[in-house]
Amino acid sequence: MSTVAQYIFSGLAIGGIYALVALGFHIMWSAARAVNFAHGDTLMIGGLMAAYLVASGWSLVLACGLAILAGGAFGFVLERLAVRPFAGQANSIGWMLTTIAVGIMVESLATIETQGYALPLPSPGVAGSVQVFGAGLYPQELVIPVIAVIAMAGLRLLQRHTLIGRAMQAVAHNKNAAALMGIDVNLVIAFSFALASLTGAAAGVLIAPVVQASATMGVLPGLKGFAVAIMGGITSAPGVVLTGLAYGVIEKFVEGYISTAAREIVGFSLMIVVLLVFPQGLFGKREVAKV
Amino acid sequence: MSSKGLMRSQLLAATVAFGLLSSVAHAQQQPCIGNSAAVTGPAAFSGQAIKMGAQIAIDEINEAGGVLGQKLRLVQYDDAGAPPRGVDNTRRIALADKCIAVLGGFHSTVAVAQVEPVHEIGIPYMGVWAANTKAVENGRDPNFMFRVSAKDKWVARFLVDEALKVSKDGKIAFFYENTGWGNGALPDIKAAMAARGKELVAAETFNWNDQDMSPQVIRARDAGAEVVMIWSLDREGNQVLRAMDKIGYKPAVIGAWGISGNLGELAGPLANGVRVMQTYSFLTPQSETGKKMLATLAAKYGLNDPSAIKAASGIADAYDAVYILADAIKIAGAFDWAKVQKALYEVNRDGLVAPYKPAFDKSDPERNDALLPENYLLAVWHDGKLIPFKGSPYDK
């Protein structure tokens, strides 16, 4: 029993990170029909920056806040430099390559800066473990999935009840029509990238105390967050968050009852099967492309 | 002397030197040592340490007049831990730079991949870090792979002996990373256990960057392991310790030297008492060579606090490796790969890490490794610092 609880809670913690990353992909895709493949590195920027600021004497709250803002700024600048110039092209190769390239560059820079070492981010959330249904957990890990769900709900509120949120939906629906209605489409897209990067950097700040901040900390969450977004249906925010949490839990059970080495094999096989059966993802809506 | 005059005299000296050595008909190698190591990537710290140790030795040798009247140079290449790049670098060092030897790096997968090009070309390779047994015990004759570092087979015995001191019944679990280094160590650990008539109660693996190790730790706990032996790097070692902390499992932890970087910083008090195998520490009473080394590290690299020097083993092993190579070149009397390979077996010297008497033994296939198990050192994490186990608060 306690073992099962352990797998579920540990899985929800890592699944919460996948969910937050996938939510970022959802936000970008919804507005721009393009994503930032350096999104995993946004996570790293958030985590590393917070670790550096805390090490240089900043308070934890200020450091995390600034690190998350820096992540948002990264998304904003990246959209302008690496996505927008290529967004007009008929195919997606341009922004795919440029965002991947920027990701590699940022990761290399971080490696030079850290010399490859992981850095600790001390947080009261990992000071001591708590017992829940016999499972041992850090409070930090319990908070992560909760924040993922709150972020999803917050996004829903933003989209329904604010001007910028409605503008995002309008742009997602039809860029030309939105532009004719007086919406600054470029600004809305830039905002969505910044918002996505804010969630990414927040995920980095949340996970760093548990996994340590390092130059490569964003690689796997970035990749799996994207896989989760596709599996869940990238057009559905609740879909990607639920899928993210479920994917994390499934991973833990595979590690627990089969083997750690089998985790990626089972996980990615599952992804392929899901896409074969649900080409739009589990919760995604079919998108009609008018020619 | 004008720079033109200086160049002319150097050219003249070079011509004379070539004339003297021209009895060796085939291509001459250059007075350089080429290092292929991870200067970027997650193990970039290792490349820095190797470069530091090797450069200090080369500077000292050059100040004392160089080797065979020539100044040694270090040529640095980055393999980022990728075997294909290590192979490519090996060829470049040998065929383009024509260096006299290859100095190895951190990653065992790279070292194992280098065995083939090293023998195809016939250039001596000197490992200074990667500890995979088969990289050096590769069955070739003549064997061009040498090493001044640990060897997993012996590290396994060393650590199993330590583990059995803690758990008399031999309830030992083994945690290893899913890489060439970790997987290569599994048979070594099993053999070392079998030699003591014991079997592992659990063998658990994990990947780089894994965030949570609770399934593995739960299995080890349920198997009743009193000691957990770890073959991992700091980041994953920290995750193992945290997973143990979460489920309230407190076995003794003993690790290979992958967890000797900054585990104390990452895991905080959880790292206290974690034992690690090392080849060198700057915190023991230092020899004259050690004192000189510390002075250089402080003067040239600003490392004033010996306890703040990370990767001491890597620095010290690289330092000794370069001196052993220089000795071999002197004995060979020429910058010639085949002659230097033979001469390496004749090197005798008092090194920083150990006395090498002799450094290598041709009659014993296990002895292309210069460091022996008795040269290994047990260290322990204590309040963020890696200190010698002997005399530590954990030495009871």
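An unreviewed UniProt entry lists chain B under the name Branched-chain amino acid ABC transporter substrate-binding protein, with Ancylobacter defluvii as the source organism. Listed in UniProt under the heading Sequence similarities (unreviewed entry), the comment for chain B reads: "Belongs to the leucine-binding protein family."

Under an unreviewed UniProt entry, the name given to chain A is Branched-chain amino acid ABC transporter permease, and the source organism is Ancylobacter defluvii. We quote the UniProt Sequence similarities (unreviewed entry) comment for chain A here in full: "Belongs to the binding-protein-dependent transport system permease family. LivHM subfamily."

On to the pairing of strand β6 (residues 172-177) of chain B, then. All names here are of chain B. Counting buried residues in β6 gives 6 out of 6 residues, a clear majority hidden from the surface. Going residue by residue along β6, you find Ile-172, Phe-174 and Tyr-176 tucked away on one face and Ala-173, Phe-175 and Glu-177 tucked away on the opposite face as well. In this sheet, strand β8 (residues 227-231) lies alongside β6 in parallel orientation, the contact comprising 5 bridges. Bridge pairing links Ala-173 to Val-228 in β8.

Right, let's talk about unusual backbone geometry for a bit. Cis geometry is adopted by the peptide bond preceding Pro-142 of chain B, which originates at Asp-141 of chain B and carries an omega value of 0°. For Pro-142 of chain B, the position within the fold is in the loop between α5 (133-136) and β5 (145-147). Cis geometry marks the peptide bond from Lys-357 of chain B to Pro-358 of chain B, where omega comes out at -10°. Phi is positive for Gln-212 of chain A, close to 75°, though the residue is something other than glycine. Positionally, Gln-212 of chain A belongs in the loop between α8 (185-211) and α9 (219-232). Positive phi, normally seen in glycine, also occurs at Ala-80 of chain B, with a value near 50°. Along the polypeptide, Ala-80 of chain B turns up in the loop between β2 (73-78) and α3 (83-96). The exposure class assigned to Ala-80 of chain B is partly exposed, which follows from its relative accessible area of 27%.

Calculation criteria
- Residues numbered from 1 in each chain as written.
- Chains lettered and ligands numbered in written order.
- Predicted model: local features only at pLDDT ≥ 70, side-chain atom pairs only at ≥ 80, totals over all residues.
- Heavy atoms only, no water.
- UniProt positions renumbered as here; feature names shortened; annotations may be inferred.
- Buried < 20%, exposed > 50% of the residue type's maximum accessible area, 1.4 Å probe, protein only.
- Helix = DSSP H or I, 4+ residues; strand = E, 2+ residues; numbered from the N terminus.
- Pairing = 2+ DSSP bridges.

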